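Below, each chain spelled out in residue letters.
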Amino acid sequence: MNVNIHPSWKQPLAKAFEQPYFQSLASFIKTAYGEQTCYPSGSHIFAAFEHSPFEKTKVVIIGQDPYHGPNQANGLCFSVSDGTTHPPSLINIFKEIESDLGIPYPQSGNLEPWADQGVLLLNATLTVQAHQAGSHQGKGWETFTDTVIRTISQEKEEVVFLLWGGFAKKKAVLIDTNKHHVLTSGHPSPLSANRGYWFGNKHFSKTNEILAKRGEQPIVW
């Protein structure tokens, strides 16, 4: 597998790419993409890193699995390609932004503009087989993305981590809370949001307040 990753990530993650588990993962992905329909496209597997270089990353949002329908996954968690119907979780994300910041609900569900401002939109598993949610879990991706989170925690300071839902919250153990900011809430999925665990968390304004206090440019959500 060609690790199409931004050069700034190659040194921090060099040891990960050399590990036996990553070689096995690469072999699995090569076979899976050769024999089945998988998402995102091969050139977008590492899109989150391509859009948010290591030195520029100042916010991390953790998702679980790519979307598994056609024309949805584009390598960024919660994001879909231009012109694609917004999935329920993304709808609730945009509704919270509208409520929190007064930003009108957008036409496009493509979150590349966030990523280009230093928001690492990281799924724990970077690939999936079409129409089979979770099909590439347990193949090595989680080990790799845990390493990414741990590396950011160790080598950077005052990054804002947004952990939404039980799965993402478990990643808190990888983060040094003495040097980073961790905001948690329920997941934006309808099940969680409709129970009152998502709306009103104001994570978007809180993130910008944290960034502004340290002299960083706020995110244009």
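Residues numbered from 1 in each chain as written. Predicted model: local features only at pLDDT ≥ 70, side-chain atom pairs only at ≥ 80, totals over all residues. Heavy atoms only, no water.

1. Quick look at the overall build of the protein
When helices and strands are counted, the protein shows 10 helices and 6 strands. Scaling as 2.2 N^0.38, a compact globule of 221 residues should have a C-alpha radius of gyration of about 17 Å, and the protein matches this with 17 Å. Projected onto its principal axes, the C-alpha positions of the protein cover 45 × 35 × 25 Å. Evaluated residue by residue, the protein yields a buried proportion of 52% over its 221 residues. Once local pairs closer than 6 in sequence are excluded, the contacts in the protein between residues at least 24 apart make up 65%. The average position of the 18 basic charges and that of the 19 acidic charges among the side chains of the protein differ by 5 Å. (Helix = DSSP H or I, 4+ residues; strand = E, 2+ residues; numbered from the N terminus. Rg over C-alpha atoms; globule rule 2.2 N^0.38 Å. Buried < 20%, exposed > 50% of the residue type's maximum accessible area, 1.4 Å probe, protein only. Contact = heavy atoms within 4.5 Å. Lys, Arg positive; Asp, Glu negative; His and termini not counted. Charge placed at Lys NZ, Arg CZ, Asp CG, Glu CD.)

2. Notes on the pattern of salt bridges
If the charged atoms of two oppositely charged side chains come close together, the side chains can form a pair. What the rule picks out here adds up to 3 salt bridges. Where K58 meets E216, a salt bridge forms, and the shortest distance between an N and an O atom there is 3.8 Å. Of this pair, K58 sits in the loop between α4 (47-51) and β2 (59-63) while E216 sits in the segment after α10 (203-213), and the two are 158 residues apart along the sequence. K171 is paired through a salt bridge with D146; the nearest N and O atoms lie 2.7 Å apart. Note that K171 is positioned in the loop between α8 (165-169) and β6 (181-185) and D146 in helix α7 (residues 141-155), a separation of 25 residues in sequence. Among the residues examined, K171 registers a relative accessible area of 9% and is labelled buried. (Salt bridge = Lys/Arg side-chain N within 4 Å of Asp/Glu carboxyl O.)

Geometric values such as these leave the question of function open.
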